[in-house]
Amino acid sequence: MRGIMYGTPMLSKLLNDTDIALITEHWLLPEQMNFLNTIDNNFKAYGVCDARIALEPENRKCNRGFAGIAFMWRKDMAVSPILNEGNDRVVCCSVQHRGNSHMFIIGALMPSTNVSKKVYVDTLRCVSDLYDRFSQQGHVILMGDFNAQINKSFGIKNHQKSNERGKILQTFINERHLISVNSQVWTKGMSLKADHVERTLNAFREYKLCKRMFVKELEIARSEYERKQLMELAETAEVDVGTFYKVARSRQVKGYETSELRVNGKISRDADVNRKAWTNHYSELASVTEKQHFDPVHRHQIDSAVHELGAISYLNANSVCQGRITEQEVLNALKDMKDGKAGGHNYIVLEHIRFGGAQLLKLITQMFNVILEIEDYPPCFKHGIIISLFKGGKKDRLDVNNYRDITLTPVLQRIFEKVLYQRISKVCTKINFPHCLQQGFRSKCGSITAAFTVREAICHHLELNTKVYAAFLDNAKAFNSVWINGLLFKLYNLGFNGKIWRILANSFEGVTSCVLYKGKKGNPLSSRTGRRSRSNFVGMAFSGYD
């Protein structure tokens, strides 16, 4: 498909003066076939690729086949692909004209010289059989790349001598009284004058060299861009408006947008079908599931304990939520948050609050105190918009599992959680939580400091000539599948066991989200597991408390 993508500007120009075009391209892949439908809104396309190319990208040994052929025709023409004829090198279509009469077009990409002569003969036999059959029903036109050198007796633009495959093709032409149209003097195209051929070949060689260099540099630049983008996203759960919409716009680029998904083993470009597939995917992630070795007794004990803790918590008076929230606390939270972040479903962003004035600040503070009073979030706080971002690298773009979800939540909810976090962090400092060796959710800590700590521990034991045992655990979709009751049980035992515990527990009740795909929202889905934010105290407790 690379050849088509890089030649798109020229192809678009040629289509202006074309009714039906045939494209032969070895890079044509199954998931990229529909790219042809996006080149020109006035054209439709149909084609086939090398049947040996696996549907699953991860099962492919290479992304270049030995076949790939497609028709493109104007939408106002009565053209119908003949689906059950031909093979991965030969396609057919019928064109209705003059009432009920039909003309047939056979397109072929004949095997090149690196394929055996037998394959060439078999492919030509397929073309000849189709020609013989369709010629009894109407006129037939043959198009394509026949990969043969025929002599000047078939057209002035041909070579002096024919090669071995050319002789086979010449026999086919003679037996059926055909004419090689493109080699006639009255057609447009290359002349075979020696100086012209040499200039053309040199230009072609230079083009191929530049193309290979461009492809190599493009892959390096794309990988580096995606790596940097994922590093930025890993720092915060909130998506920068500029970055988010830049990514969204980049996916609208023809041929490179995430408009295709593998749904039930088939590639789908239908926006409604794909939106439903995303919704089902995130709904399954948010569902309560038990693995084969999960301890059901332990689960029952924790679930029962959390149910009892709800009543016992009224006997506790944790200091975090004892006092009312002040306007200064809200201001401090605003100062600790960055501008330019995407809003939630109500489209309110931080700048609206920051520059809303003293009266708005007063009303927001009153609302936060009402939340403390009733110990539950408003329903609008519990709804988020899910955005899917590709993880990058050489992963399969058609697989929903290779995307990470970012949930855009209302900015007022984020401000409220920031107020609670500032209160909670003061208590955590007093109780030395989290552990000093934990690197996640701690200021000035991260993967680099974690790697340094592990390396120093290993070097220390190697110097003592003692054994070193290391265990690495990577939980797939960890933040999407957190066991909520287990998390609440840990929080309670950590000491956050009064009003703050009930507020956090109630914040997980009735949580819904919907997928945003192609500018439209999917059906709401409820969440019975997982967290939607990676940067608050709950995340710190999840990863740091044992």
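Everything below is about the structure shown above.
Keep in mind that this is a model prediction, so the values were computed, not measured.

Enquirer: Explain the overall build of the protein chain here, please?
Expert: Looking only at helices and strands, the protein chain features 16 helices and 14 strands. Within the protein chain, the proportion of its 546 residues that are buried is 41%. For the protein chain, restricting intrachain contacts to residue pairs at least 6 apart in sequence, the fraction spanning at least 24 positions comes to 69%.

Enquirer: Honestly, the nonpolar core in this entry has me stumped. Any pointers?
Expert: Nonpolar side chains tend toward joint burial in soluble globular proteins. One finds Val330, Phe368, Ile415, Phe416, Leu488, Ile500 and Trp501 to be the most contacted residues of the largest nonpolar core, which totals 42 residues. Element by element, the count of residues in this core is highest for helix H12 (residues 411–430), at eight residues. Once you skip the residues sitting within four places of it in the chain, Phe416 turns out to touch Ile325, Phe368, Ile371, Leu372, Tyr377, Phe381 and Ile503. By size, the runner-up hydrophobic cluster in this structure holds 21 residues, among which are Ala108, Leu124, Phe134 and Val140.

Enquirer: What am I meant to see in the sheet that holds strand S6 (residues 101–109) here?
Expert: Pairing between sheet strands relies on hydrogen bonds along the backbone, with the strands arranged either parallel or antiparallel. Within the open sheet, the four strands sit side by side as S4-S5-S6-S7. Their pairing is mixed. The sheet is open, and its two borders are formed by strand S4 (79–81) and strand S7 (139–145), each paired with just one other strand. When strand polarity is set aside, the average angle formed by the axes of neighbouring strands in this sheet is 25 degrees. Here S6 runs beside S7; their pairing, made up of seven bridges, is parallel. Bridge pairing in S7 places Gly107 opposite Met143.

Enquirer: Looking at this model, I keep getting lost on the sheet that holds strand S2 (residues 43–49). Mind explaining?
Expert: Strand order in the open sheet made by the three strands is S1-S3-S2, with antiparallel pairing throughout. Each edge of the open sheet is held by one strand with a lone partner, namely strand S1 (20–24) and S2. Neighbour to neighbour, the strand axes of the sheet diverge by 15 degrees on average, direction disregarded.

Enquirer: Just checking my understanding: could you explain the pattern of salt bridges for this structure?
Expert: Pairing between side chains of opposite charge can happen when the charged atoms of each approach one another. Under the counting rule described, the total for this entry stands at 18 salt bridges. Between Arg176 and Asp132 there is a salt bridge; the shortest N-O distance is 3.0 Å. Taken together, the residues span a long stretch of sequence, with Arg176 in the loop between helix H4 (164–175) and helix H5 (194–235) and Asp132 in helix H3 (residues 117–134) at a distance of 44 residues. The exposure class of Arg176 is buried, given its relative accessible area of 18%. Overall, Asp132 belongs to the partly exposed group, its relative accessible area being 31%. The shortest N-O distance in the salt bridge between Glu456 and Arg455 comes to 3.7 Å. Judged by relative accessible area, Arg455 falls into the exposed class, the value being 51%. Residues joined by salt bridges that share partners form a network here, namely Lys118, Asp122 and Arg125.

Enquirer: Help me understand the packing of helix H9 (residues 327–335) against helix H11 (residues 358–374), please; the structure alone is not making it clear to me.
Expert: In helix packing, the relevant descriptors are the interaxial angle and the interaxial distance, both defined with respect to the helix axes. Running from N to C, H9 and H11 cross one another at 105 degrees; their axes reach a closest spacing of 9 Å. Looking at the two axes, H9 sits roughly perpendicular to H11. The residues of H11 that touch H9, namely those facing Glu327, Val330 and Leu331, are Leu361, Lys362, Ile364, Thr365 and Phe368. In the contact of H9 with H11, the residues fall into five nonpolar, one polar and two charged.

Enquirer: What exactly am I supposed to notice about the environment of His97 here?
Expert: Along the polypeptide, His97 turns up in strand S5 (residues 90–97). By relative accessible area, which is 26% here, His97 ends up partly exposed. Apart from the residues within four sequence positions on either side, His97 is in contact with His102 and Met103.

Enquirer: I tried to follow a nonpolar patch on the surface on my own but got confused; where do I start?
Expert: Residues Ile156, Ile179, Val181, Val185 and Trp186 make up a contiguous nonpolar surface patch of roughly 570 Å² in combined accessible area. Relative to the helices and strands, Val185 is located in the loop between H4 and H5.

Enquirer: Explain unusual backbone geometry to me, please; I cannot follow it from the model alone.
Expert: Trans peptide bonds make up most of the peptide bonds, and negative phi angles are found at most residues other than glycine. The omega torsion across Phe433 and Pro434 is 0 degrees, close enough to zero to call that bond cis. Following the sequence through the fold, Pro434 ends up in the loop between H12 and helix H13 (447–463). Even without a glycine there, the phi angle at Glu375 is positive, about 65 degrees. Assignment of secondary structure puts Glu375 in the loop between H11 and strand S10 (383–390). The exposure class of Glu375 is buried, given its relative accessible area of 9%. Of note, Asn432 is a non-glycine position whose phi angle comes to about 55 degrees, a positive value. Here Asn432 lies in the loop between H12 and H13. Given a relative accessible area of 66%, Asn432 falls into the exposed group.

Enquirer: Is there a simple way to think about the pairing of strand S11 (residues 403–408) in this case?
Expert: Sheet faces and side chains relate simply in a regular strand, where the side chains alternate between the two faces. Counted residue by residue, S11 has five buried out of six residues, so it is predominantly covered. With six bridges connecting them, S10 and S11 associate as antiparallel partners. Counted as the bridge partner of Ile385 is Leu408 from S11.

Enquirer: I'm lost on the packing of aromatic side chains in this one. Help?
Expert: We describe a pair of aromatic rings using the distance from one ring centre to the other and the angle between the two ring planes. Going through the model one piece at a time under the given rule, you end up with eight aromatic pairs. Relative to Phe416, the ring of Tyr377 has its centre 5.6 Å away and its plane inclined at 85 degrees; by these criteria the two rings are edge-to-face. Linking Tyr377 in the loop between H11 and S10 with Phe416 in helix H12, this pair joins segments that are 39 residues apart in sequence. Residues Tyr377 and Phe416 agree in their burial class; the two are buried.

Cut-offs applied
Residues numbered from 1 in each chain as written. Predicted model: local features only at pLDDT ≥ 70, side-chain atom pairs only at ≥ 80, totals over all residues. Heavy atoms only, no water. Helix = DSSP H or I, 4+ residues; strand = E, 2+ residues; numbered from the N terminus. Buried < 20%, exposed > 50% of the residue type's maximum accessible area, 1.4 Å probe, protein only. Contact = heavy atoms within 4.5 Å. Core = buried A, V, L, I, M, F, W, Y, C linked by side-chain atoms within 4.5 Å. Pairing = 2+ DSSP bridges. Axes fitted to C-alpha atoms, helices over the stretch in contact; angles between N-to-C directions. Salt bridge = Lys/Arg side-chain N within 4 Å of Asp/Glu carboxyl O. Parallel < 35°, antiparallel > 145°, perpendicular 65-115°, else oblique. Nonpolar A, V, L, I, M, F, W, Y, C, P; charged D, E, K, R; others polar. Patch = residues over 30% accessible without salt bridge, like charges linked within 9 Å, V, L, I, M, F, W, Y side chains within 5 Å. Areas by Shrake-Rupley, 256 points an atom, 1.4 Å probe, with all protein chains shown as cover. Phe/Tyr/Trp six-rings, centres within 6.5 Å; stacked < 30°, edge-to-face > 60°.

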